[in-house]
Amino acid sequence: MKNKVIFLTTDSLGNGERELGSQILETFFTLLKQREQLPAAVFCANRGVLALTERSLASVHLKELADRGVPVLACATCVDYYGVREQLMAGEISSMGHFMELAEAYEVMTLA
């Protein structure tokens, strides 16, 4: 994972029931934070920024990843679109330009 950037575009993994997808996303980040090799960064866009708020249990695990030194980034345009700038429990505001720089340097793993 250390050479990967996770591009998180959702707050609920998969196309089924949203509640189940939220649980799957939380499980993913619970297991990810326990790994020895962590990703280079997590970049959240579109509904992915909602996973950084208290609405999502994944925010706890994303905060722990950030505390362990993994940059957890939120698309500024997306944060403003959803009006959650003041509600972020984890991560910092970033730009799509920064994501493009990360994508040039690392392999991108998209969670949708």
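Residues numbered from 1 in each chain as written. Predicted model: local features only at pLDDT ≥ 70, side-chain atom pairs only at ≥ 80, totals over all residues. Heavy atoms only, no water.

K.L.:
Kindly report on the packing of helix 1 (residues 18-33) against helix 2 (residues 58-67), identifying the contributing residues and their values.
P.N.:
Orientation of helix 1 relative to helix 2, taken along the N-to-C sense of each, is 25°, at an axis distance of 8 Å. By the angle between their axes, helix 1 is roughly parallel relative to helix 2. Between helix 1 and helix 2 lies a crossing of left-handed hand. Between helix 1 and helix 2, the contacting residues are Leu25, Glu26, Phe29, Thr30, Leu32 and Lys33 on the first element and Ala58, His61, Leu62, Glu64 and Leu65 on the second. Across the contact of helix 1 with helix 2, the residue classes tally to six nonpolar, two polar and three charged. (Axes fitted to C-alpha atoms, helices over the stretch in contact; angles between N-to-C directions. Helix = DSSP H or I, 4+ residues; strand = E, 2+ residues; numbered from the N terminus. Parallel < 35°, antiparallel > 145°, perpendicular 65-115°, else oblique. Left-handed = near helix turned anticlockwise from the far one by under 90°. Contact = heavy atoms within 4.5 Å. Nonpolar A, V, L, I, M, F, W, Y, C, P; charged D, E, K, R; others polar.)

K.L.:
Explain the sheet that holds strand 3 (residues 72-75) residue by residue, including any values.
P.N.:
Taken in spatial order, the five strands make up an open sheet running 4-3-2-1-5, and their pairing is parallel. The sheet is open, and its two edges are formed by strand 4 (92-94) and strand 5 (107-111), each paired on a single side. Ignoring strand direction, the axes of neighbouring strands in this sheet form an average angle of 30°. Pairing analysis gives four bridges linking strand 1 (residues 4-8) to strand 2 (residues 41-44), with the strands arranged parallel. Counterpart to Val5 in the pairing with strand 2 is Ala41. (Pairing = 2+ DSSP bridges.)

K.L.:
Before we move on, can you summarise the state of the cysteines with the specific residues and values?
P.N.:
As enumerated under the stated definition, the model contains zero disulfides in all. Cysteine Cys44 remains unbridged, with the sulfur of Cys78 as its closest cysteine sulfur at 9.5 Å. Judged by relative accessible area, which is 0%, Cys44 ranks as buried. (Disulfide = S-S within 2.5 Å. Buried < 20%, exposed > 50% of the residue type's maximum accessible area, 1.4 Å probe, protein only.)

K.L.:
Break down the packing of aromatic side chains for me, with residues and values.
P.N.:
Two aromatic rings are characterised by how far apart their centres lie and by the angle between their planes. Per the stated rule, a full pass over the model turns up five aromatic pairs. Summarising the aromatic geometry, the rings of Phe7 and Phe99 are spaced 4.3 Å apart at their centres and angled 20° between planes, so their arrangement reads as stacked. Of this pair, Phe7 sits in strand 1 while Phe99 sits in helix 4 (residues 96-105), and the two are 92 residues apart along the sequence. Here Phe7 falls in the buried class, since its relative accessible area comes to 16%. (Phe/Tyr/Trp six-rings, centres within 6.5 Å; stacked < 30°, edge-to-face > 60°.)

K.L.:
Can you tell me about the pairing of strand 3, naming the residues and giving the values?
P.N.:
In strand 3, alternate side chains face the same way, and those of Val72 and Ala74 on one face and Leu73 and Cys75 on the other are all buried. Taken together, strand 2, helix 2 and strand 3 form a β-α-β motif whose crossover is right-handed. As paired elements, strand 3 and strand 4 share three bridges and run parallel to each other. Paired with Leu73 across the bridge in strand 4 is Glu92. As a crossover connection, the stretch from strand 3 through helix 3 (residues 76-82) into strand 4 is right-handed. (Right-handed = clockwise from strand over helix to strand, strands pointing away.)

All we've got here are geometric facts, nothing functional implied.
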